[in-house]
Amino acid sequence: MSKVVSARQRAETRLGWLLAGPAFIIMLLVTLYPILQAVWDSLFSFRLTAPDDRELVWLKNYGVIFSDAIFWRDLGVTLLITVVTVAVELVLGFALALVMHKALKSVRGLVRTAILIPYGIITVVSAFSWYYMFDIKSGFINSWFDWIPGIGADTNWFANAGTSLFVIMASEIWKTTPFISLLLLAGLAQVPDELTEAAEVDGATWWERMKRVILPNMKAAIMVALLFRALDAFRIFDNVFIMTNGAYGTEVLSLLAYRTSIGRLEIGLGSAVSVILFICVLLITFVAVKLFKVDLAGSRGVK
Amino acid sequence: MAKKETTKTKVLWAIATIVVVVYALFPVASILMTSFKTPSDLTNGKFLPTTFSTVNYEQILVGDAQGLFLSSLRNSIGIALIATVIAVVLATLCAYAIARLDFPGKKLILTTALAVSIFPVISIVTPLFNVWRTIGLYDTWLGLIIPYLSLTLPISIWTLAAFFRQIPWELEQAAQVDGATHWQAFRKAIVPLAAPGVFTTAIIAFFIAWNDFVYGISLTSTEAARPVPAALAFFTGASQFESPTGAISAAAIIVTIPVVVLVLLFQRQIVSGLTQGAVKG
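Rules and cut-offs
- Residue indices follow the written sequence of each chain, beginning from 1 at its first position.
- Both sets of labels track the order of writing: A upward for chains, 1 upward for ligands.
- Local features in this predicted model are restricted to residues whose pLDDT is 70 or higher, and side-chain atom pairs enter the listing and the counts only when it is 80 or higher, whereas totals over whole chains, interfaces and linings include all residues.
- The side-chain figures draw on all heavy atoms in the structure; neither hydrogens nor water molecules are used.
- Labels follow the DSSP assignment, with helices taken as runs of H or I lasting at least four residues and strands as runs of E lasting at least two, numbered in each case from the N terminus.
- In this setup the radius of gyration rests on C-alpha atoms only. A globule is expected at 2.2 Å times the number of residues raised to 0.38.
- In this scheme, a residue with accessible area under 20% of its type's maximum is buried, one over 50% is exposed, and one in between is partly exposed, where area comes from a 1.4 Å probe on protein chains only.
- Only the protein chains shown count as covering a residue, and every accessible area follows the Shrake-Rupley method with a 1.4 Å probe.
- Under the convention used here, Asp and Glu are negative, Lys and Arg are positive, and both His and the chain ends fall outside the count.
- Positions of charges follow a simple convention, taking NZ of Lys, CZ of Arg, CG of Asp or CD of Glu.
- UniProt positions are given in the numbering used here, feature names are shortened, and annotations may be inferred rather than shown by experiment.
- Only heavy atoms enter the contact rule, under which two residues are in contact if any of them lie within 4.5 Å.
- Here the buried area means the combined drop in accessible surface, using a 1.4 Å probe, for two parts upon being joined, counting both sides.
- Salt bridges are identified by distance alone: a Lys or Arg side-chain nitrogen within 4 Å of an Asp or Glu carboxyl oxygen.
- We define a polar contact as two N or O atoms separated by no more than 3.5 Å, with the added condition that, inside protein, one atom must be a possible hydrogen donor and the other a possible acceptor, whereas residues neighbouring each other in sequence contribute only through side-chain atom pairs.
- Residue polarity is assigned by list, with Asp, Glu, Lys and Arg as charged and Ala, Val, Leu, Ile, Met, Phe, Trp, Tyr, Cys and Pro as nonpolar; anything else, Gly included, falls into the polar class.
- Side-chain rings of Phe, Tyr and Trp (the six-membered ring for Trp) are treated as a pair once their centres are within 6.5 Å; stacked means planes under 30 degrees apart, edge-to-face means over 60, and tilted covers the remaining angles.
- Charges are assigned to positions over rings by a cutoff of 6 Å between ring centre and Lys NZ or Arg CZ, combined with an angular limit of 35 degrees from the ring normal.
- A patch is a set of surface residues, each over 30% in relative accessible area and not in a salt bridge, joined within 9 Å for like charges and within 5 Å for the nonpolar side chains Val, Leu, Ile, Met, Phe, Trp and Tyr.
- What is meant by a nonpolar core is a set of buried Ala, Val, Leu, Ile, Met, Phe, Trp, Tyr and Cys residues, joined one to another through side-chain atoms within 4.5 Å.
- Scored from 0 to 100, pLDDT records how confident the predictor is in each individual residue.
- Whether two strands pair comes down to DSSP finding at least two bridges between them.

K.L.:
Any chance you could break down the overall build of chain B for me, citing the residues and the numbers?
P.N.:
If you tally the helices and strands in chain B, you get 11 helices and zero strands. Counted from the first residue to the last, chain B has its helices and strands arranged as α-α-α-α-α-α-α-α-α-α-α. Taking 19 Å as the expected radius of gyration for a compact globule of 281 residues, we find that chain B reaches 24 Å, considerably beyond that expectation. Across the 281 residues in chain B, those meeting the buried criterion constitute 54%. For chain B, the accessible surface area stands at approximately 11,900 Å², while carbon and sulfur atoms represent 69% of it.

This is the structure:
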């Protein structure tokens with residue numbers, strides 16, 4: 001009897017791997033292999049322009065990077081963008097989710113359709129759109145808001161770090177808030193109506209209901225949304241590339257990696273930046289999972 | 001009293017809805033207006049063009065910039081579609097196995113998919129750039145399709161696994177009891193239930209491939225494989241003296257049209273796909 005069961009189990013395992021194997025192997029090939037290659041390359045002093053001078057230097061590339069002020073500045077800019085955009089998106093996305101959750105039936109479809117458009121639009125297109133709005137030559141923001149002190153026809157938003165980062169973050173927030181608000185909407189839908197109604201009957205104010213009933217019940221959704229957005233924001237590239245290409249102290253880590261390896265063909269040094277970026281992403285995930293107890297697998301459907 | 005209250009609420013909700021719609025569409029409207037401006041109008045400092053002109057569209061569709069734009073459009077459509085099809089076929093098999101069969105390694109596969117989806121693209125692109133140049137995949141369609149799988153496969157597996165878990169697989173057995181063959185039972189009972197999920201996943205995967213920028217600018221160098229987002233970034237305009245603002249805006253609008261059409265047609269499915277793949281409680 002048990003022999004029959006185990007034979008069936010073996011067949012099921014074989015079929016399982018036969019079906020799932022190709023996807024699994026391709027995922028390993030397109031990511032695990034390149035990242036291992038990057039780790040290996042990062043140990044060499046290697047420029048594509050001088051391939052014969054390839055030399056094993058162990059961790060020297062990392063030393064060069066960590067002692068360079070540009071790396072720390074870029075890390076700071078990346079962290080700033082991550083923290084600000086995720087914080088704003090959480091508030092804005094929650095407000096949007098509330099509107100969608102409570103919106104009258106007749107307009108619910110319209111709101112959801114509208115909000116999906118930023119999600120679907122190419123980031124590069126969104127970046128150009130925001131760039132042209134604020135650009136000193138083709139923009140209309142300056143003439144619309146010239147009543148605000150400090151803004152005039154000759155305000156050049158892309159001439160210093162502060163204002164450039166403001167526009168970069170605004171476009172990032174516009175583009176990705178829909179995603180966070182859809183996740184939060186799914187979380188809101190999971191809060192049992194009886195709980196909110198019971199609280200209302202007991203005389204709890206809107207704010208009390210929010211704090212005591214709704215938010216605690218959607219903690220998992222909030223955490224997952226936060227983590228995924230934070231990881232995304234940390235990898236920001238397209239907006240910065242289009243708007244400033246890293247000028248005036250707006251460079252982010254992804255751009256540094258790109259500029260070093262593909263721009264200047266310093267494969268060794270660039271690979272080291274790539275590996276550092278990858279480790280940062282792992283750290284963020286690890287901290288989120290441990291500290292905030294995000295059950296990543298559970299909330300993504302693994303039983 | 002109560003009636004007045006609902007009218008007031010209705011007005012408030014209407015305002016909230018308008019605010020949301022304006023928020024979502026304003027940047028798109030802005031670039032749409034820019035795309036209709038004549039070169040002399042581009043610097044008028046206004047939102048609207050003084051005269052609506054199609055000169056920018058002519059430039060990229062039939063004019064000087066035609067070769068550049070149309071080839072990148074062809075590349076984008078071809079590469080994104082092929083990457084989507086491969087990802088969805090492989091992910092369907094994989095998600096079916098995960099939802100339906102019991103075998104060791106299931107969790108490993110899902111965790112790997114999750115890990116791949118948090119990989120920074122830029123970390124993968126440096127070694128690929130080097131390897132692709134050595135083996136001749138640099139600046140080819142295949143050279144982009146393969147890395148695009150790292151973007152489209154994980155989310156496809158997650159979304160489909162979430163969809164497939166909700167399918168009542170007993171239907172299949174019931175159909176077999178009623179005399180259908182294995183294949184008939186699967187085709188009649190399961191395929192109709194699974195098809196919407198597969199289709200939704202394909203749309204989401206296509207959006208992701210269509211949106212790629214880092215691979216596009218790093219692994220291509222000519223019109224042979226350069227996709228639209230990368231072409232936009234390197235677009236230099238018709239002449240040295242003319243800013244390409246208008247042409248880029250027109251091109252941006254053209255590549256946004258498929259997105260808007262898909263969203264309008266399938267908004268309900270896209271929302272359920274996105275939230276099921278991401279948060280499933």
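That was the structure; now back to the text.
K.L.:
Please give an account of the overall build of chain A that cites residues and values.
P.N.:
A tally of regular secondary structure across chain A gives 14 helices and two strands. Taken along its principal axes, the extent of the C-alpha atoms in chain A is 85 × 75 × 30 Å. Within chain A, buried positions represent 54% of all 303 residues. In chain A, the 26 positive side-chain charges and the 23 negative ones have mean positions that sit 10 Å from each other.

K.L.:
Help me get a handle on the UniProt feature "transmembrane region" (unreviewed entry) in chain A, residues and values and all.
P.N.:
Under the local residue numbering, the UniProt record ascribes the feature "transmembrane region" (unreviewed entry) to residues 15-36, 75-98, 110-133, 157-174 and 267-292 of chain A. Taken end to end, residues 75-98 of chain A is 100% helix and 0% strand, and its two terminal C-alpha atoms sit 34 Å from one another.

K.L.:
Could you give an account of the interface of chain B and chain A, naming the residues involved and the relevant values?
P.N.:
Interfaces are often sized by the amount of accessible area the parts lose when they come together. With 95 residues of chain B in contact, the opposing surface of chain A contributes 100 residues. Across the chain B to chain A interface the summed buried area is about 8,600 Å²; carbon plus sulfur atoms make up 76%. Summed over the shared surface of chain B and chain A, the result is zero salt bridges. For the pair chain B and chain A, the number of links is 15 residue pairs in polar contact (both at pLDDT 80 or more). The element contributing the most residues to the side of chain B that touches chain A is helix α11 (residues 245-278) of chain B, with 18 residues. Split into classes, the residues belonging to the side of chain B that touches chain A amount to 66 nonpolar, 20 polar and nine charged.

K.L.:
Report on the environment of Leu48 of chain B, specifying residues and quantitative values.
P.N.:
Tracing the sequence through the fold places Leu48 of chain B in the loop between α1 (2-35) and α2 (55-61). Each C-alpha atom of the pair Leu48 of chain B and Gly78 of chain B lies 35 Å from the other, and the pair is 30 residues apart in sequence.

K.L.:
Residue-level account of the UniProt feature "transmembrane region" (unreviewed entry) in chain B, with values.
P.N.:
The sites that carry the UniProt feature "transmembrane region" (unreviewed entry) are, in the present numbering, residues 12-33, 77-99, 108-129, 141-164, 189-210 and 247-266 of chain B. This span, residues 12-33 of chain B, is 100% helix and 0% strand, and a straight line between its end C-alpha atoms measures 30 Å.

K.L.:
Just give me the short version of the side chain of Ser42 of chain A, but keep the residues and values in it.
P.N.:
Turning to its location among the elements, Ser42 of chain A is positioned in the loop between α1 (2-41) and β1 (44-47). If we skip the residues at most four places from it in the chain, Ser42 of chain A touches Trp58, Asn61, Tyr62, Gly268, Ser271, Ala272 and Val275 of chain A.

K.L.:
An account of unusual backbone geometry is needed here, citing residue identities and associated values.
P.N.:
A positive phi angle, near 60 degrees, is found at Leu265 of chain A, a position not held by glycine. Looking at the element boundaries, Leu265 of chain A is found in the loop between α12 (253-263) and α13 (267-291). Of note in this structure, Asp139 of chain B is not a glycine but carries a positive phi near 65 degrees. Relative to the helices and strands, Asp139 of chain B resides in the loop between α5 (121-135) and α6 (141-165).

K.L.:
A description of the pattern of salt bridges should follow, citing residues and the corresponding values.
P.N.:
With the rule as written, the count across this model stands at 11 salt bridges over all chains. One salt bridge in this structure joins Glu266 of chain A and Arg47 of chain A, with 3.5 Å as the shortest N-O distance. Taken together, the positions of Glu266 of chain A in the loop between α12 and α13 and Arg47 of chain A in strand β1 put the pair 219 residues apart, joining distant regions of the chain. Among the residues examined, Arg47 of chain A registers a relative accessible area of 37% and is labelled partly exposed. A salt bridge links Arg100 of chain B to Glu172 of chain B; the nearest nitrogen and oxygen atoms lie 2.7 Å apart. With a gap of 72 residues between them, Arg100 of chain B in helix α3 (residues 66-100) and Glu172 of chain B in helix α7 (residues 170-177) connect regions that are remote in the sequence.

K.L.:
Would you mind going over the packing of aromatic side chains in detail, with residue names and values included?
P.N.:
To describe a pair of aromatic rings, you give the distance between the ring centres and the angle between the ring planes. For the coordinates displayed, the defined rule picks out 39 aromatic pairs over all chains. Look at Trp130 of chain A and Phe134 of chain A: their rings are 6.3 Å apart centre to centre, the planes differ by 10 degrees, and that puts the pair in the stacked class. With Trp130 of chain A and Phe134 of chain A both in helix α5 (residues 123-134) and four residues apart, the pair spans about one turn of that helix. Between Phe140 of chain A and Phe26 of chain B, the aromatic rings sit 6.1 Å apart at their centres with planes inclined by 80 degrees, giving edge-to-face as the arrangement. Residue Phe140 of chain A is found in the loop between α5 and α6 (141-144), and its partner Phe26 of chain B is found in helix α1; the two belong to separate chains. The class of Phe140 of chain A is buried, set by a relative accessible area of 2%. If you follow Arg54 of chain A out to its NZ or CZ, it ends over the ring of Phe44 of chain A, 4.1 Å from the centre. When the ring centre of Tyr138 of chain B is taken as reference, the NZ or CZ atom of Arg133 of chain B above it lies at 5.4 Å.

K.L.:
Provide a residue-level description of a nonpolar patch on the surface, including the pertinent values.
P.N.:
On the surface, Leu80, Val84, Val88 and Leu92 of chain A cluster together into a nonpolar patch covering about 270 Å² of accessible area. Inspection of the secondary structure puts Val88 of chain A in helix α3 (residues 69-102).

K.L.:
Describe the nonpolar core, naming the residues involved and giving the relevant values.
P.N.:
Ranked by size, the top nonpolar core spans 176 residues in total, and within it Phe237 of chain A together with Ile60, Ile157, Phe164, Phe207, Tyr215 and Ile270 of chain B carry the most contacts. Ranked by residues supplied to this core, first place goes to α11 of chain B with 15 residues. Not counting the four nearest positions on each side in its chain, Phe164 of chain B is found in contact with Thr92, Ala95, Tyr96, Ala99, Trp169, Ala194 and Val198 of chain B.

K.L.:
Any details on the confidence of the model for chain B? Residues and values, ideally.
P.N.:
Averaged over every residue, the pLDDT of chain B is 86; residues scoring 70 or more account for 94%. Among the prediction metrics, the complex's ipTM stands at 0.89, with pTM recorded as 0.89.

K.L.:
Break down the pairing of strand β2 (residues 50-56) of chain A for me, with residues and values.
P.N.:
All names here are of chain A. The pairing of β1 with β2 spans three bridges and is antiparallel. Bridging across to β2, Phe44 finds its partner in Leu56. Between β1 and β2, which pair antiparallel and follow one another directly, the connecting turn spans two residues.

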